[in-house]
Amino acid sequence: MAELPGKLFFLFALLCPFLAQAQGPDTAARKDSAIKVAVVQNGRYSHLLYTINSEPLTNATLKAVLRSYPKSAEELRKGRRQQRWALALLPIFVAATIVGGTQSDKQRYSPGSPFSKAPLPFSISLGAFFGAIVLATTNNHFGKAVEAYNSQFK
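Residues numbered from 1 in each chain as written. Predicted model: local features only at pLDDT ≥ 70, side-chain atom pairs only at ≥ 80, totals over all residues. Heavy atoms only, no water.

Student: With reference to specific residues and values, describe the packing of helix 3 (residues 70-106) against helix 5 (residues 119-137).
Tutor: Axis separation between helix 3 and helix 5 bottoms out at 7 Å; the angle between their running directions is 160 degrees. When the axes of helix 3 and helix 5 are compared, the pair comes out roughly antiparallel. Seen along the crossing, helix 3 lies across helix 5 with a hand that is left-handed. Grouping the amino acids of the contact of helix 3 with helix 5 by side-chain chemistry returns 16 nonpolar, 8 polar and no charged. (Axes fitted to C-alpha atoms, helices over the stretch in contact; angles between N-to-C directions. Helix = DSSP H or I, 4+ residues; strand = E, 2+ residues; numbered from the N terminus. Parallel < 35°, antiparallel > 145°, perpendicular 65-115°, else oblique. Left-handed = near helix turned anticlockwise from the far one by under 90°. Nonpolar A, V, L, I, M, F, W, Y, C, P; charged D, E, K, R; others polar.)

This is the structure:
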């Protein structure tokens, strides 16, 4: 009779890995269908809802599914790279603006605009500012990643 609890414990210990695996997220079963996008209207705001097999996806699950396919994973990497470049241009904008302001302030009593007193720093500042805006607003790699993932089902 004393052997029964030991055998039950041993059996339970053998089944624990299977129980833990059964609790994990089920992303592998969802890879067999295309990702669909629906626009959900919530008052005056609209949101995008991504679904597979008519089941809504969380952002983490959507990114995990997109990373599982090589072409869509590459598009996600391109999008992250473009975001990094946009963020890297902002300190350049701030530094060039400070340098330009300092140079034009040294020539305070000479005629002309601050831009004509320090054209190079202000040109770098404007280029970095507008470059960051262009990079941030033209980043459509997430949509391209969804299209690349869906291309395997066509």
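Student: Could you give an account of helix 6 (residues 141-150), naming the residues involved and the relevant values?
Tutor: The set of residues buried in helix 6 consists of His141, Ala145, Val146, Ala148, Tyr149 and Asn150. Here the buried face of helix 6 lies against strand 2 (45-52), helix 2 (59-67) and helix 3. (Buried < 20%, exposed > 50% of the residue type's maximum accessible area, 1.4 Å probe, protein only. Contact = heavy atoms within 4.5 Å.)

Student: Quick one: what's the story with the sheet that holds strand 1 (residues 36-42), residue by residue and with numbers?
Tutor: Within the open sheet, the 3 strands sit side by side as 1-2-3. Their pairing is antiparallel. For this open sheet the edge positions go to strand 1 and strand 3 (55-56), each flanked by a neighbour on one side alone. Taken together, the 7 bridges between strand 1 and strand 2 define a ladder with antiparallel strand orientation. Bridge assignment links Val39 to a residue of strand 2, and that residue is Leu48. (Pairing = 2+ DSSP bridges.)

Student: Before we move on, could you go through helix 3 and cite the residues and values that matter?
Tutor: For helix 3, built from 37 residues, the straight-helix expectation of 54 Å at 1.5 Å per residue is met to within 8% by its first-to-last C-alpha distance of 55 Å. Taken together, the buried positions of helix 3 are Ser72, Ala73, Glu75, Leu76, Gly79, Gln82, Ala86, Leu89, Ala96, Gly100 and Ser104. Lining the buried residues of helix 3 we find helix 2, helix 4 (114-117), helix 5 and helix 6. (Expected span 1.5 Å × (residues − 1).)

Student: Break down the confidence of the model for the chain for me, citing the residues and quoting the values.
Tutor: With 80% of its residues at a pLDDT of 70 or more, the chain has an overall mean of 85. Mean pLDDT across the secondary structure elements of the chain bottoms out at helix 1 (residues 3-22), with 63, and peaks at helix 5, with 95. (pLDDT = per-residue confidence, 0-100.)

Student: Which residues make up the environment of Pro56, and what are the values?
Tutor: Among the structural elements, Pro56 can be located in strand 3. Look past the residues within four positions of Pro56 in its chain and what remains in contact with it is Leu49, Tyr50 and Thr51.

Student: Any chance you could break down the packing of aromatic side chains for me, citing the residues and the numbers?
Tutor: Two measures describe an aromatic ring pair: the distance that separates the ring centres and the angle between the ring planes. For the structure shown, the criterion picks out 5 aromatic pairs. Centroid distance Phe93 to Phe129: 5.1 Å. Interplanar angle 35 degrees. Geometry classified as tilted. Separated by 36 residues along the polypeptide, Phe93 in helix 3 and Phe129 in helix 5 bring together distant segments of the chain. By relative accessible area, Phe129 is classed as partly exposed at 31%. Aromatic pair Phe129 and Phe130: ring centres 5.3 Å apart, planes at 65 degrees, arrangement edge-to-face. According to the relative accessible area criterion, Phe130 is partly exposed, its value standing at 48%. (Phe/Tyr/Trp six-rings, centres within 6.5 Å; stacked < 30°, edge-to-face > 60°.)

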